[in-house]
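What the coordinates show
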Protein chains: 2
Amino acid sequence: MTALGRPAGGPETAPASQQGMRRQNLAAVLGAVAAHGPLSRADVAGHTGLTRPAVSSLVDELIGRAALAETETAPSGRVGRPGRALALDDRGPAGLGLEIGVTHLAACVVDLRGEPRVWRRVERANAGRPAARVLEEAAALGADAESEAAALGLRVEGRVLAVPGVVPNDPGGLVAHAPNLGWRAVRPADHWPDPATVPEPENEANLGALAEQRHLGHPAETFVHVSAEAGIGAALVIDGRLFRGARGFAGELGHLPVHPEGAPCPCGARGCLEQYAGEAAVLREAGLAGAHDPVAVLAERAGAGDAATLRALDRAGRALGLALVPAVDLIDPDGLVLGGAYAELADWLLPPVRAELAARVTVRPWTPEAVRPSALGRRGPVLGAAWSTVQRIIADPARLPFRRAV
Amino acid sequence: MTALGRPAGGPETAPASQQGMRRQNLAAVLGAVAAHGPLSRADVAGHTGLTRPAVSSLVDELIGRAALAETETAPSGRVGRPGRALALDDRGPAGLGLEIGVTHLAACVVDLRGEPRVWRRVERANAGRPAARVLEEAAALGADAESEAAALGLRVEGRVLAVPGVVPNDPGGLVAHAPNLGWRAVRPADHWPDPATVPEPENEANLGALAEQRHLGHPAETFVHVSAEAGIGAALVIDGRLFRGARGFAGELGHLPVHPEGAPCPCGARGCLEQYAGEAAVLREAGLAGAHDPVAVLAERAGAGDAATLRALDRAGRALGLALVPAVDLIDPDGLVLGGAYAELADWLLPPVRAELAARVTVRPWTPEAVRPSALGRRGPVLGAAWSTVQRIIADPARLPFRRAV
């Protein structure tokens, strides 16, 4: 499986040749340092069960591929002569996360430790613009972020692009439908200026969920992550793994019918959640339009007690709560996470969301506290995109080029 | 994992002792015959990778435990001197499935091959009766079925009880809530007359889904199985495995809000699916009440073109379709299966179900054919209960007592 949870061909499925075994052992050593580092070579042998000579050879290769760095600092808690500690290289390979939103583009470079080192975010009205133009601008933003990362000694080795649309399991590399952008069957590779830097597209809600999971560090949790920007998406993490569905379409939340005979939706149905809790609907209900950063404006007005804004957010929260009843009833998650813009509006959305769930989830036990705001907010999807590339590198460091003599 | 998908302690988690290895090998041999039998001993060696002498010793033990029988019949497709073929013993260990429904009790004994050998079904108005009384009657029906099975040479070695309620993962053996029976926190073991025959309770929709999956033989499918009797349940099978949720409550469908401001439901909420597509609601709408077998009466009247019945079924189908939109949008299954009473009413329910899904599942591709009736209908849950016990025996035949000298 790749970091994004899709079946992968390639070296993982090859027979256990000597080369294949070395590849696995490189990953085991890097994984041990990622999970427990900094570590001495002896510690690595202890964590992996490999012999000291094998560890030394593997560590040398990982230093040569710039995945590991060895320092003279003593591991913490030891006294006396300083040892040599192995850590993930913060001047080595890096991951680029890109995001195309309805009203913005974003880029983030994280180093192997997962630390964000470069951030870029620009406001852009992307809805309805030609996909080729939007993708070219995203590529330019990414190239810019890569240059800044290079100045920090980082080299981007993987790229993932968060999009507010459905990305099928098969074929890969395709955005099948992004209604709020006006995209159908767009393949980023077809429009990307540099074939060497084409990113893998993924649904932004899925990436937001991966980011939340990494941030929380609860590996086996089952949760539903709601991700709101202009549209509303969701992602399912089941026992700690992203569940993409039979075809990659799991987690569609924005078009759940909350009032079946309600307002018509551009998707063709009626009464979809987005008609009550989507950004445009909330702004309309609050009497706002055309604000530069509508989420910030909503939070500011709600904080100041503006009645129309409070009414609009209460209505959105009730609709969101209604749409989350099926998520709780069908999936029985440990929790629900409100991410994206919803995290920044949680003070006003959580009470009506919790009230609807309390009134309607009655057959089985349920506590209001099981709904919580995301700690990452609107940065979740682009962070998840960058982190997923780094996870992939750590799972198979043999893909990295040699960059240092060893 | 047990056959019901819960984590299990016991021998599976023991270190790979010699005894543990023999236990695994017994299961491997029995599993090979279950999947591919009848087989010669040489065929078993070929399927399992075990040596001929090891296979012979294991086969002897499985014959001693009455799991395998050896016949003089030549395996099909061979000519000449008859060989000795190994097959699952149809006079050996068996599984008992029991079911407590709102208006009936049922029992079924299946042999190791999964063939139903004994059926019992009695009509009983179980709603609101003391749980102790209902469980005593279920125990009597089960004992009766076991006696008849004994006359066929079968010995029941496992028992599962299907109930229309929520059965938590932890603690085991508890029915937390069965609203249509009026049960809360009922533990069948507390009321079962014979401690040696206490069955494990399980949600009837989950068992219906397991039965459907076994019947279809599509091991890796992801589907949602809807099970209707007096109430409406559902079960999720993800990549071929029953998904019970974080606490065992996944698949609640009957109380999804389909018309949020609609009819009040005894559960405390409003506009739940059961208020439109539950048996009582359909009978009320059709102007029927107190029929002996209401599902058969509905089918008969609908077949004869009775306008009120057709209207009631159309209304139920539209509500069911609405409730299935979240199942498709959130889970992205390969298909949806209408089981239980819905299977017998599929001629009238499928068109409105498909119409609602077509109108409301618009962002991702969806075909009406992905909704299909169950082939097992109302027998699904009790068959699933019996089959799950047999699956458990095949997964660990060392639990069987010795019954024959070898």
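Here, every reference points to the structure presented above.
Throughout what follows, the structure given in this document is the object of discussion. (Residues numbered from 1 in each chain as written. Chains lettered and ligands numbered in written order. Predicted model: local features only at pLDDT ≥ 70, side-chain atom pairs only at ≥ 80, totals over all residues. Heavy atoms only, no water.)

Concerning the interface of chain B and chain A
Interfaces are frequently sized by the accessible area removed from exposure as the parts join. Contacts between the two partners involve 44 residues from chain B and, on the opposite side, 44 residues from chain A. In total, chain B and chain A occlude about 3700 Å² of area from one another, counting both sides; carbon and sulfur atoms represent 63% of this. For the pair chain B and chain A, the number of links is 2 salt bridges. Here A:Asp334 and B:Arg247 are joined by a salt bridge, their closest N and O atoms 3.8 Å apart. For the pair chain B and chain A, the interface holds 22 residue pairs in polar contact (both at pLDDT 80 or more). Within the residue set of the side of chain B that touches chain A, elements represented by two or more residues are β11 (232–238), α9 (307–331) and α11 (346–360) of chain B. Per-element tally for the side of chain B that touches chain A: the top contributor is α9(B), with 7 residues. Its residues assigned to classes, the side of chain B that touches chain A comprises 25 nonpolar, 9 polar and 10 charged. (Contact = heavy atoms within 4.5 Å. Buried area = accessible area lost by both parts, 1.4 Å probe. Salt bridge = Lys/Arg side-chain N within 4 Å of Asp/Glu carboxyl O. Polar contact = N/O pair within 3.5 Å; in protein donor to acceptor, adjacent residues only side chain to side chain. Helix = DSSP H or I, 4+ residues; strand = E, 2+ residues; numbered from the N terminus. Nonpolar A, V, L, I, M, F, W, Y, C, P; charged D, E, K, R; others polar.)

Some details on the relation of the copies chain B and chain A
Placing chain B over chain A gives an RMSD of 0.0 Å and needs a rotation angle of 180°, together with 0.0 Å of translation along the axis. Expressed as an axis order, the relation between the two copies is that of a two-fold axis. Both copies share a contact surface, since 100% of the interface residues of chain B are interface residues in chain A too. (Least-squares fit on C-alpha atoms with pLDDT ≥ 70 in both.)

Observations regarding the nonpolar core
In this structure, A:Leu253, A:Leu324, A:Leu357, B:Leu253, B:Leu324 and B:Leu357 are the most contacted members of the largest nonpolar core, which totals 98 residues. The contacts of A:Leu357, once residues within four sequence positions are left out, are A:Gly321, A:Leu324, A:Val325, A:Val328, A:Leu336, A:Trp366 and A:Val371. (Core = buried A, V, L, I, M, F, W, Y, C linked by side-chain atoms within 4.5 Å. Buried < 20%, exposed > 50% of the residue type's maximum accessible area, 1.4 Å probe, protein only.)

Some thoughts on the side chain of A:Glu61
Residues and elements named next belong to chain A. Structurally, Glu61 is set in helix α3 (residues 52–64). Looking at Glu61, its side chain comes within polar contact range of the side chain of Arg65, at 2.8 Å. Look past the residues within four positions of Glu61 in its chain and what remains in contact with it is Arg22, Leu26 and Phe402.

Focus: the sheet that holds strand β12 (residues 241–243) of chain B
Sheet strands associate in pairs through backbone hydrogen bonding, adopting either a parallel or an antiparallel arrangement. Residues and elements named next belong to chain B. If you walk across this open sheet you meet the 5 strands as β12-β11-β10-β13-β14, and the pairing is mixed. Each edge of the open sheet carries a strand with a single partner, namely β12 and β14 (371–373). Ignoring strand direction, the axes of neighbouring strands in this sheet form an average angle of 30°. Taken together, the 6 bridges between strand β10 (residues 223–228) and β11 define a ladder with antiparallel strand orientation. Within the sheet, the bridge partner assigned to Phe223 lies in β11 and is Val237. Running at roughly 125° to β10, helix α5 (residues 204–216) makes contact with β10, β11, β12, β13 (335–340) and β14 of the sheet. (Pairing = 2+ DSSP bridges. Axes fitted to C-alpha atoms, helices over the stretch in contact; angles between N-to-C directions.)

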